[in-house]
Amino acid sequence: MGYLYILYGFLILVAIGIILGVVLVFASKKFKVEEDPRIDAVEKMLPGANCGACGFPGCRGLAEGLVSGEVKKCSTCKVGKKDKHFDLIIEYMKAHPDKDGKTNVPTL
Amino acid sequence: MNATVPFIVTFLLAIVNATLMDNVVLIRFYGICSFVGVSNKVKPAFSMGVAVAFVTIFASLVCWPLYNFVLVPAGIPFMDTVVYILVIASLVQLVGLVIKKYSPALYKAFGIYLPLITTNCAVLGVAQGNTDSGLSFGLSMAQAIGTSAGFLIIIFLMACIRSRLDAMNVPKAFKGIPIALIVAGIMSIALIGLGGIGS
């Protein structure tokens, strides 16, 4: 009998999780915000450790900072490597200016 | 509470009690993180109060039926904390999405404190306390409304005081957070004066 509770608990949690997940998917579609596509690209090029050592909440925060020009140095990211991450980001930012044609190229 | 008192009176009394006499931040010491973290400017503080109030009320609205109609019949009431956290986390995500859409500046001002509402013990404390003490649905909503009103009022007052403190000549060692904690302590002492009226 006791074992059955484990099954119930599991099933109920899965069900609640799925329902809430579906609600959130619809909500995120409805409240979608148009963002600079470069933020996604730069976020992918960062190590993705989400360690917070840069002072931003997660890698996405740093990516936003780098794209907006608020962060000038790639080495704000403590775990990134020059050849693996920073060079790629600098190349990318050189090649992709913003809407007004300005480029915010971070240094190392 | 005796049985001859009409429900609406009990309901209103429970709200007042949860707002002032049993204030969530200054008497029960829940939710200190966002209370100190976001209270240095008035507008973000007020919005944070509203966001927490929204999450608290909706979490109670969802958690009470979930506990009494799903977890208890299934014989697994011990799973309550996990389920509540799941519900609260989703609600916070939802609030985050809405704020990001309608006020990016506010989203920036909240920063890390917005996702941290998930672990704001005021929210979980209310949902958990309601079901643990076996309150009826009406009374647990009163508890939720009162608690959120209490949080909103206190974080707003705190922000007003702190924005004035910025212009004051505070000793260097007390600048910023230390003086804020002292202010919180004094506010707490003031509220203790109301203690016991509820019972």
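Residues numbered from 1 in each chain as written. Chains lettered and ligands numbered in written order. Predicted model: local features only at pLDDT ≥ 70, side-chain atom pairs only at ≥ 80, totals over all residues.

Visitor: How should I be thinking about the overall build of chain A in this particular structure?
Guide: Tallying secondary structure elements over chain A gives four helices and zero strands in all. N-terminal to C-terminal, the α/β element order of chain A is α-α-α-α. For chain A, whose C-alpha radius of gyration is 20 Å, the value lies well above the compact-globule estimate of 13 Å for 108 residues. Taking the principal axes of its C-alpha atoms as reference, chain A extends roughly 65 × 30 × 20 Å. When contacts within chain A are restricted to residue pairs at least 6 apart in sequence, those whose partners lie at least 24 apart make up 52%. (Helix = DSSP H or I, 4+ residues; strand = E, 2+ residues; numbered from the N terminus. Rg over C-alpha atoms; globule rule 2.2 N^0.38 Å. Contact = placed C-beta atoms within 7 Å.)

Visitor: For this particular structure, what's the right way to read the overall build of chain B?
Guide: A tally of regular secondary structure across chain B gives eight helices and zero strands. For chain B, the α and β elements follow one another from N to C terminus as α-α-α-α-α-α-α-α. Against the compact-globule benchmark of 16 Å for 199 residues, chain B has a radius of gyration of 18 Å, which places it among compact chains. Counting over 199 residues, chain B shows a buried share of 37%. For chain B, the share of sequence-separated contacts (at least 6 apart) that also reach a separation of at least 24 residues comes to 81%. (Buried ≥ 20, exposed ≤ 12 C-beta atoms within 10 Å, placed from the backbone.)

Visitor: Explain the packing of helix H1 (residues 7-21) of chain B against helix H7 (residues 137-165) of chain B here, please?
Guide: The packing of two helices is summarised by the inter-axis angle and the distance between the axes. Residues and elements named next belong to chain B. At a minimum axis distance of 7 Å, the contact between H1 and H7 shows a crossing angle of 35°. In this structure, the crossing between H1 and H7 has a hand that is right-handed. Together, Phe7, Phe11, Ala14, Ile15, Val16, Asn17, Ala18, Thr19 and Leu20 of H1 and Gly138, Leu139, Ala142, Gln143, Ile145, Gly146, Thr147, Ala149 and Gly150 of H7 make up the contact between the two elements. (Axes fitted to C-alpha atoms, helices over the stretch in contact; angles between N-to-C directions. Left-handed = near helix turned anticlockwise from the far one by under 90°.)

Visitor: Would you explain unusual backbone geometry in this entry?
Guide: Keep in mind that most residues, glycine aside, have a negative phi and that most peptide bonds are trans. Residue and element names in this part refer to chain B. Positive phi, normally seen in glycine, also occurs at phenylalanine 29, with a value near 60°. Tracing the chain through its elements places phenylalanine 29 in the loop between H1 and helix H2 (32-37). Classification of phenylalanine 29 by C-beta neighbours within 10 Å gives partly exposed; the count is 15.

Visitor: Got a minute to help me understand the confidence of the model for chain B in this structure?
Guide: Atomic detail in the predicted coordinates should be set aside for any region of low pLDDT. Residues and elements named next belong to chain B. Looking at chain B as a whole, the pLDDT averages 86, with 97% of positions reaching at least 70. Averaged pLDDT values over the elements of chain B bottom out at 79 in helix H5 (residues 104-110) and peak at 91 in H7. Listed scores for the predicted complex are pTM 0.76 and ipTM 0.70. (pLDDT = per-residue confidence, 0-100.)

Visitor: Got a minute to help me understand H1 of chain B in this structure?
Guide: Think of an α-helix as turning once every 3.6 residues; residues three or four places apart then point the same way. Residue and element names in this part refer to chain B. Compared with the 21 Å implied by 1.5 Å per residue over 15 residues, the 20 Å span of H1 between its first and last C-alpha is a close match. All buried positions along H1 are accounted for by Ala14, Ile15, Ala18, Thr19 and Leu20. Here the buried face of H1 lies against H7 and helix H8 (177-192). (Expected span 1.5 Å × (residues − 1).)

Visitor: Hey, could you run me through the nonpolar core in this one?
Guide: Ranked by size, the top nonpolar core spans 51 residues in total, and within it Val52, Val55, Ala59, Ile88, Val123, Phe151 and Ile155 of chain B carry the most contacts. Among the secondary structure elements, those contributing two or more residues to this core are H1, helix H3 (42-71), helix H4 (80-102), helix H6 (121-132), H7 and H8 of chain B. It is H3 of chain B that provides the largest number of residues to this core, a total of twelve residues. Once you skip the residues sitting within four places of it in the chain, alanine 59 of chain B turns out to touch Tyr84, Val87, Ile88, Leu91, Val123 and Ala127 of chain B. In terms of nonpolar packing, the next biggest core, distinct from the first, is built from 16 residues, Met45, Ala63, Cys74 and Phe86 of chain A among them. (Core = buried A, V, L, I, M, F, W, Y, C linked by C-beta atoms within 7 Å.)

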